[in-house]
Amino acid sequence: MGIIGWILIGLIMGAIARVLLPDRVAGGWVITLVIGVLGALLGGWIGGVLFDVQANESFYSLTTWTWALIGSLLVLAVWGAIARRRA
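Definitions and limits used
- Residues numbered from 1 in each chain as written.
- Predicted model: local features only at pLDDT ≥ 70, side-chain atom pairs only at ≥ 80, totals over all residues.
- Heavy atoms only, no water.
- Phe/Tyr/Trp six-rings, centres within 6.5 Å; stacked < 30°, edge-to-face > 60°.
- Lys NZ or Arg CZ within 6 Å of the ring centre and 35° of its normal.
- Helix = DSSP H or I, 4+ residues; strand = E, 2+ residues; numbered from the N terminus.
- Expected span 1.5 Å × (residues − 1).
- Buried < 20%, exposed > 50% of the residue type's maximum accessible area, 1.4 Å probe, protein only.
- Contact = heavy atoms within 4.5 Å.
- Polar contact = N/O pair within 3.5 Å; in protein donor to acceptor, adjacent residues only side chain to side chain.
- Patch = residues over 30% accessible without salt bridge, like charges linked within 9 Å, V, L, I, M, F, W, Y side chains within 5 Å.
- Areas by Shrake-Rupley, 256 points an atom, 1.4 Å probe, with all protein chains shown as cover.
- Salt bridge = Lys/Arg side-chain N within 4 Å of Asp/Glu carboxyl O.
- Axes fitted to C-alpha atoms, helices over the stretch in contact; angles between N-to-C directions.
- Parallel < 35°, antiparallel > 145°, perpendicular 65-115°, else oblique.
- Left-handed = near helix turned anticlockwise from the far one by under 90°.

Student: Can you walk me through the packing of aromatic side chains in this structure?
Tutor: The geometry of two aromatic rings is summed up by the distance between their centres and the angle between their planes. One pass over the structure, following the stated rule, counts one aromatic pair. The ring of W29 has R18 sitting right over it, with the charged end atom 4.6 Å from the ring centre.

Okay, structure coming up:
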């Protein structure tokens, strides 16, 4: 799966993460979607490096979507913590 696939999954996962953690987002929807893309890339990397999971199988793989969601939730939680400290 290429970078375009990860970006698409990241956009979707960013929206889902915002719904799951609505009080953690310090920005608008654009920030959330960017965080989702970064989270999807991070989730794919974590799954591959730490757990030796092939998250690059295909766009429709449940493993790919699961790791993208985990990464998006992690990045969104960290972003929320950083934004709260600044405020």
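Here the narrative resumes, following the displayed structure.
Student: Looking at this structure, how should I read helix α1 (residues 3-20)?
Tutor: Because an α-helix completes one turn every 3.6 residues, residues spaced three or four positions apart along the sequence face the same direction. In this model α1 runs 25 Å from its N-terminal to its C-terminal C-alpha over 18 residues, within 8% of the 26 Å that 1.5 Å per residue would give. Here α1 has its buried residues at G5, W6, I9, G10, M13, G14, A17 and R18. Of the surrounding elements, those touching the buried residues of α1 are α2 (29-49) and α3 (62-86).

Student: Looking at this structure, I do not really get α3. What am I missing?
Tutor: For α3, spanning 25 residues, the distance from its first C-alpha to its last is 36 Å, which sits close to the expected 36 Å at 1.5 Å a residue. Where α3 is concerned, the buried positions are T64, W67, A68, G71, S72, V75, L76, G80 and A83. Each element contacted by the buried residues of α3 is listed here: α1 and α2. Of the residues that open α3, the one with a side-chain oxygen 3.3 Å from the backbone nitrogen of T63 is S61.

Student: What is the right way to read a nonpolar patch on the surface from this model?
Tutor: A contiguous nonpolar patch, built from L42, W45, V49, L50, F51, I70 and L74 and spanning about 690 Å² of accessible area, is present on the exposed surface. With three residues, α2 is the single largest residue contributor to the nonpolar patch. Tracing the sequence through the fold places V49 in helix α2.

Student: Can you walk me through the packing of α1 against α3 in this structure?
Tutor: When two helices pack together, their arrangement is given by the angle between the helix axes and the distance between those axes. Direction vectors running N to C along α1 and α3 enclose 55°, while the axes themselves pass 9 Å from each other. Classified by the interaxial angle, the pair formed by α1 and α3 is oblique. When you trace α1 past α3, the crossing you get is right-handed. Counted together, W6, I9, I12, M13, G14, I16, A17, R18 and L20 of α1 and T64, W65, A68, L69, S72, L73 and L76 of α3 form the full contact between these two elements.

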